[in-house]
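Examination of the molecular architecture
Take a look at the letters that make up each chain.
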Amino acid sequence: MKLIVVINNKGGVGKTTSVVNLAASFARLGKKTLLVDLDPSASASIHLGFDKVITNHKTLCDYLLSENRILKDYIYPTSENNLFCLPSETALSEFYDEILQEEEVELFLNRKDFPKENDIVIFDTPPNMGNLAMNALAITDYALIPIQTQHMALTGLDLTIKLVEKAQRHLNPKLEILGYFGTNYDRRTNVAKEVYASIQSRFGNKVFNTVIGINSKLIEAYGAQKPILAYAPSARGTKEYKALAGEIIKRLK
Ligand SMILES: Nc1ncnc2c1ncn2[C@@H]1O[C@H](COP(=O)(O)OP(=O)(O)O)[C@@H](O)[C@H]1O
Ligand SMILES: [Mg+2]
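About the cut-offs
- Residues numbered from 1 in each chain as written.
- Chains lettered and ligands numbered in written order.
- Predicted model: local features only at pLDDT ≥ 70, side-chain atom pairs only at ≥ 80, totals over all residues.
- Heavy atoms only, no water.
- Helix = DSSP H or I, 4+ residues; strand = E, 2+ residues; numbered from the N terminus.
- Expected span 1.5 Å × (residues − 1).
- Buried < 20%, exposed > 50% of the residue type's maximum accessible area, 1.4 Å probe, protein only.
- Arc of directions from axis to C-beta.
- Contact = heavy atoms within 4.5 Å.
- Core = buried A, V, L, I, M, F, W, Y, C linked by side-chain atoms within 4.5 Å.
- Polar contact = N/O pair within 3.5 Å; in protein donor to acceptor, adjacent residues only side chain to side chain.
- Phe/Tyr/Trp six-rings, centres within 6.5 Å; stacked < 30°, edge-to-face > 60°.
- Lys NZ or Arg CZ within 6 Å of the ring centre and 35° of its normal.
- Disulfide = S-S within 2.5 Å.
- Pairing = 2+ DSSP bridges.
- Near = heavy atom within 4 Å.
- Areas by Shrake-Rupley, 256 points an atom, 1.4 Å probe, with all protein chains shown as cover.
- Nonpolar A, V, L, I, M, F, W, Y, C, P; charged D, E, K, R; others polar.

For helix H5 (residues 157–170), built from 14 residues, the straight-helix expectation of 20 Å at 1.5 Å per residue is met to within 8% by its first-to-last C-alpha distance of 20 Å. Residues of H5 that are buried: Leu 157, Thr 160, Ile 161, Leu 163, Val 164 and Ala 167. When H5 is viewed along its axis, its buried side chains cluster within an angular range of 155° and face the same direction. Among the exposed residues of H5, those pointing more than 90 degrees away from its buried face are Lys 162 and Arg 169. If you follow the buried residues of H5, they end up packed against helix H4 (131–139), strand S6 (142–148), strand S7 (176–183) and helix H6 (190–203).

Shown next as structure tokens:
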């Protein structure tokens, strides 16, 4: 079982889109995959059809408030074979505190809580990392960092890397940065090419070869509450996320 957290301090860089579509791609590649939604905005959950306003399901928040804490009871199958979800809800924000000192991190979730039959557990995180994201960094094997290939993408990235290093120093020395990948790549623009080149020169072979291009089918798939591979099997976004998932699996030790 490998635990992967997708992080970037910035919002709107493609974290949630990547978590959902990578998770579905891992599942199609035969990996039993659990998506854990740590974002109180619950967009990954909603993407997979778990909208608390409509469906009356239990969430990570209910789990954290429960007395006997049996995680299995909060994990749901999705429309995709091999893909499971531990959904979030807005009330999870009660557990979201800003971290001032590493020593103050409260570990709500422990590695041993996750059923071992999963091959991959992938965590979506909120922007602006607080307790929940630090908790994920404290218990995962790998951090995976999406970078939007647009202007200003690299500002704020240092903060993300610093938080990973903090977690490595104080909470989880085994945590590794699995890699970086470009998102929202607009092939028509020079900005995208320039930003991507600067990512490559900075992070070298830690950058995955697959870049996720801008694809409106990804937005439509969110609206349809399905991973893109189910919504638009032949879309470019489907091919790219499948290719990226294949690269990621190869890198897992
Ligand atoms: N490759 C892409 N092409 C087009 N739209 C995208 C792409 N990736 C993400 N989006 C859209 O951009 C917005 C932000 O993406 P999201 O995954 O929610 O980012 P984050 O989780 O980092 O805040 C969403 O509306 C999403 O549908
Ligand atoms: Mg998100």
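Next comes the rest of the write-up.
To continue, consider the nonpolar core. Judged by nonpolar contacts, the single largest core of 50 residues is most densely connected at Phe 114, Phe 123 and Leu 137. A total of seven residues in this core trace back to one element, the largest contributor, which is H4. With 35 residues, the next largest nonpolar core counts Ile 4, Ala 24, Leu 35 and Ala 235 among its residues.

A few words now on the side chain of Asn 8. For Asn 8, the location among the structural elements is in the loop between strand S1 (2–6) and helix H1 (15–28). Classification of Asn 8 by relative accessible area gives buried; the value is 3%. A polar contact is formed between the side chain of Asn 8 and the backbone nitrogen of Lys 10, at a distance of 2.9 Å. Within the local environment of Asn 8, its side chain forms a polar contact with the backbone oxygen of Pro 146, the two atoms lying 2.8 Å apart. Excluding its chain neighbours within four sequence positions, the residues that come into contact with Asn 8 are Val 13, Lys 15, Pro 127, Ile 145, Pro 146, Ile 147, Leu 157 and Thr 160.

The next subject is the packing of aromatic side chains. Summed over the entire model, instances satisfying the criterion amount to six aromatic pairs. Here Tyr 63 and Tyr 74 contribute two aromatic rings whose centre-to-centre distance is 5.5 Å and whose plane-to-plane angle is 70°, an arrangement assigned as edge-to-face. Of this pair, Tyr 63 sits in helix H3 (residues 60–65) while Tyr 74 sits in the loop between H3 and strand S3 (76–77), placing them 11 residues apart in sequence. In terms of burial, Tyr 63 and Tyr 74 fall into one category: buried. Seen from the ring of Phe 208, Arg 251 lies directly overhead, with NZ or CZ sitting 3.8 Å from the centre.

A few words now on H4. The buried count for H4 comes to nine of nine residues, which makes it a mostly enclosed element. Buried within H4 are the following residues: Asn 131, Leu 132, Ala 133, Met 134, Asn 135, Ala 136, Leu 137, Ala 138 and Ile 139. Against S1, strand S5 (120–124), S6 and H5 lie the buried residues of H4.

With that settled, consider unusual backbone geometry. You will see that Asn 82, though not glycine, has its phi angle at about 75°, which is positive. Looking at the element boundaries, Asn 82 is found in the loop between S3 and strand S4 (83–86). Residue Asn 82 is classed as partly exposed on the basis of its relative accessible area, which comes to 25%. In this model, Gln 225 sits at a positive phi of 55°, which is unusual for a non-glycine residue. Structurally, Gln 225 can be placed in the loop between helix H7 (216–223) and helix H8 (228–231).

This next bit is on the state of the cysteines. The final tally for this structure, using the stated rule, is zero disulfides. Considering cysteine sulfurs only, Cys 61 is the nearest to Cys 85, which forms no disulfide, with 14 Å between them. The buried category is assigned to Cys 85, whose relative accessible area is 0%.

A few words now on the pairing of S6. Where burial is concerned, most of S6 is hidden: seven out of the seven residues are buried. Residues of S6 alternate between two faces, with Tyr 142, Leu 144, Pro 146 and Gln 148 on one and Ala 143, Ile 145 and Ile 147 on the opposite face, all of them buried. Relative to S6, S1 runs parallel, the two being bridged by three bridges. Residue pairing across strands places Ile 4 opposite Tyr 142, the latter belonging to S6.

This next bit is on the site of ligand 1. Taken together, 14 residues are adjacent to ligand 1, and Gly 12, Thr 16, Thr 17, Gly 213 and Asn 215 come closest. The backbone of Gly 14 places a nitrogen or oxygen atom 3.0 Å from an oxygen atom of ligand 1. A distance of 2.9 Å separates a nitrogen atom of ligand 1 from a polar backbone atom of Asn 215. Considered on its own, ligand 1 offers 560 Å² of accessible surface; in the complex 77% of this is hidden by protein. At the level of secondary structure, the elements contributing two or more residues to the shell around ligand 1 comprise H1 and H7. Here the element with the most residues in the shell around ligand 1 is H1; it accounts for three residues. Residue composition of the shell around ligand 1, by class: five nonpolar, eight polar and one charged.

By themselves these figures say nothing about function.
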